[in-house]
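# Topology and contacts: notes
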Amino acid sequence: MTDSIHNPKASARIAQIAGDSDGWEVFNRSREMIAAGRSVVELTQGEHDILTDPSIIDAMEASARAGATGYAPVPGVMRLRQVVADRLTERTGVTTGPENVMITPGGQSALFAAHMAACDPGDRALFIDPYYATYPGTIRATGANAVPVVTRPEDGFQPRPADIAGLATGARSLLINSPNNPTGGVYGRTVLEGIAEIVTRNGMWLISDEVYDTQVWDGSHLSSRALPGMTERTLVVGSMSKSHAMTGSRVGWIVGPAPVIANLIDLATVTTYGVPGFLQDAAVFALTQDRSFEETIAAPFRRRREIATRILGQRQGLRLHKASAAMYVMVDVRATGLSGEDFANRLLDDHGIAVMPGESFGLATAGHLRIALTVDDARLEAALTTLAEMADALAREARAVPG
Ligand code: PMP
């Protein structure tokens, strides 16, 4: 007998989830440096610098003590499905009921479920580049083909409908993310209407990741599901992670037409088997607070966006893409002559500051850095000043080199 009979290999499908590069090298190095006792300012992950509010923890504990520790209903507890449905009805104007909502373990699980609902193995699933780091792997995990639509820095990384149209023939789905991670951009009505027209013409699903919908500083959030004709072909991904600083609680949702939600409940039955009831009860508590509750959680990012604009706005060595939303800003460091990766590695080694190289998010943001605004204002200000001075010095050197 050969070895291969004794030692089965992992499936090709699971082996190719990660792809060629995971893009987390700088993040992992910074964690190693911290573990070795070095002080590092981490501006990498989208993790708040506050903990989940004690009132939410109290609601969690009260629920668990009252008995919500057994199996919860697979689609989610009815009260939470109703609260999420009411929230969407109120905020988007689209009448939504609990039959349109399934609760998931975080938005990430909803992204996977949405692609399982939309695509068969081998189908083309489009997504916009730059993208949240898990997108291509999530699509590959379903067996679909992940096809990027590459945007341009000069467009503020907003997709051109013509670029999407050029790749849409035969595609089953398009994944968009507005407000956007990594760019901090918000898609305007014209872009969203252009997208709606293309997905409708091509009989596609639109998967709309709206996990940053409570963190918009300029303009307002528009959900694609509210555009004419889009309710029946849009799957919205939402989450408590960013809006309520509940990243570790793993409570999110998927919203769509009732028949697809029924299919997704079948999927959840054979995968997650639901979300713990006491976490769902805590989410009900959080979502039924005054709107000022989530505004307080968003406020530091709005304030720090201003700090970033003040420090990074007018520099020789970098160009800031002014963020309209979310927890991040994107800067172009191509004037330094370094790639985003080289710049980020040098910034970490020389100054103990960790940011994400733009290359981690696709082709469009090569030569850029994504800076998460996730440390207190004073540390952020100091770190951004150091980063900007390094970029200016490198740009001066780059220009001094003849040729
Ligand atoms: N979508 C985007 C754009 C994100 O940035 C994140 C998390 N950083 C997620 C989805 C997933 O979030 P979660 O699973 O915590 O809800």
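Before going into details, it helps to say that this report is about the structure given with it. (Residues numbered from 1 in each chain as written. Predicted model: local features only at pLDDT ≥ 70, side-chain atom pairs only at ≥ 80, totals over all residues. Heavy atoms only, no water.)

## A few points about the overall build of the chain
When helices and strands are counted, the chain shows 14 helices and 12 strands. Against the compact-globule benchmark of 22 Å for 403 residues, the chain has a radius of gyration of 22 Å, which places it among compact chains. By principal-axis analysis of the C-alpha atoms, the chain measures approximately 65 × 60 × 50 Å. Put simply, the chain has 403 residues, and 54% of those count as buried. Counting only contacts in the chain whose residues sit at least 6 apart along the sequence, the fraction spanning at least 24 positions is 74%. Accessible area of the chain: about 17,200 Å², with a carbon and sulfur share of 52%. Side chains of the chain give 36 positive and 45 negative charges; the mean places of these two sets differ by 2 Å. (Helix = DSSP H or I, 4+ residues; strand = E, 2+ residues; numbered from the N terminus. Rg over C-alpha atoms; globule rule 2.2 N^0.38 Å. Buried < 20%, exposed > 50% of the residue type's maximum accessible area, 1.4 Å probe, protein only. Contact = heavy atoms within 4.5 Å. Areas by Shrake-Rupley, 256 points an atom, 1.4 Å probe, with all protein chains shown as cover. Lys, Arg positive; Asp, Glu negative; His and termini not counted. Charge placed at Lys NZ, Arg CZ, Asp CG, Glu CD.)

## Digging into the packing of helix α5 (residues 78-92) against helix α11 (residues 277-287)
One can describe the packing of α5 onto α11 by two numbers: an axis separation of 9 Å at closest approach and a directional angle of 30 degrees. Seen from above, α5 lies across α11 with left-handed handedness. Between α5, through R79, L80, V83, V84 and R87, and α11, the contact on the second element is made entirely by Q280, A283, V284 and L287. Of the residues assigned to the contact of α5 with α11, the class counts are 6 nonpolar, 1 polar and 2 charged. (Axes fitted to C-alpha atoms, helices over the stretch in contact; angles between N-to-C directions. Left-handed = near helix turned anticlockwise from the far one by under 90°. Nonpolar A, V, L, I, M, F, W, Y, C, P; charged D, E, K, R; others polar.)

## Concerning the pairing of strand β6 (residues 205-209)
Taking burial as the measure, the 5 residues of β6 include 5 buried ones, the bulk of the element. Because side chains alternate across β6, one face comprises the buried residues W205, I207 and D209, and the other comprises L206 and S208, equally buried. In this structure, strand β5 (residues 171-177) lies alongside β6, joined through 5 bridges in parallel fashion. Following the sheet pairing, L174 is matched in β6 by L206. In the classification by handedness, the crossover that spans β5, the intervening helix α9 (residues 189-201) and the parallel β6 is right-handed. Summarising the sheet, β6 and strand β7 (residues 234-239) pair through 4 bridges and their orientation is parallel. Considered in β7, the bridge of D209 is made with V237. (Pairing = 2+ DSSP bridges. Right-handed = clockwise from strand over helix to strand, strands pointing away.)

## Here's the deal with the site of the ligand
Near the ligand lie 15 residues; those nearest to it are G107, D209, Y212, S239 and S241. For the ligand, a nitrogen atom lies 2.5 Å from a polar atom in the side chain of D209. At a separation of 2.5 Å, an oxygen atom of the ligand approaches a polar side-chain atom of S239. No other element matches the 4 residues that helix α6 (residues 106-118) contributes to the shell around the ligand. Of the residues contributing to the shell around the ligand, the split by class is 5 nonpolar, 7 polar and 3 charged. (Near = heavy atom within 4 Å. Polar contact = N/O pair within 3.5 Å; in protein donor to acceptor, adjacent residues only side chain to side chain.)

## Observations concerning the pairing of β7
Strand residues, when the strand is regular, have side chains that alternate between the two faces of the sheet. Buried residues dominate β7, accounting for 6 of its 6 residues. Burial of β7 is two-sided: the residues T234, V236 and G238 facing one way and the residues L235, V237 and S239 facing the other way are all buried. Both β7 and strand β8 (residues 252-255) contribute to a ladder of 4 bridges, which runs antiparallel. The partner of S239 across the bridge, within β8, is G252.

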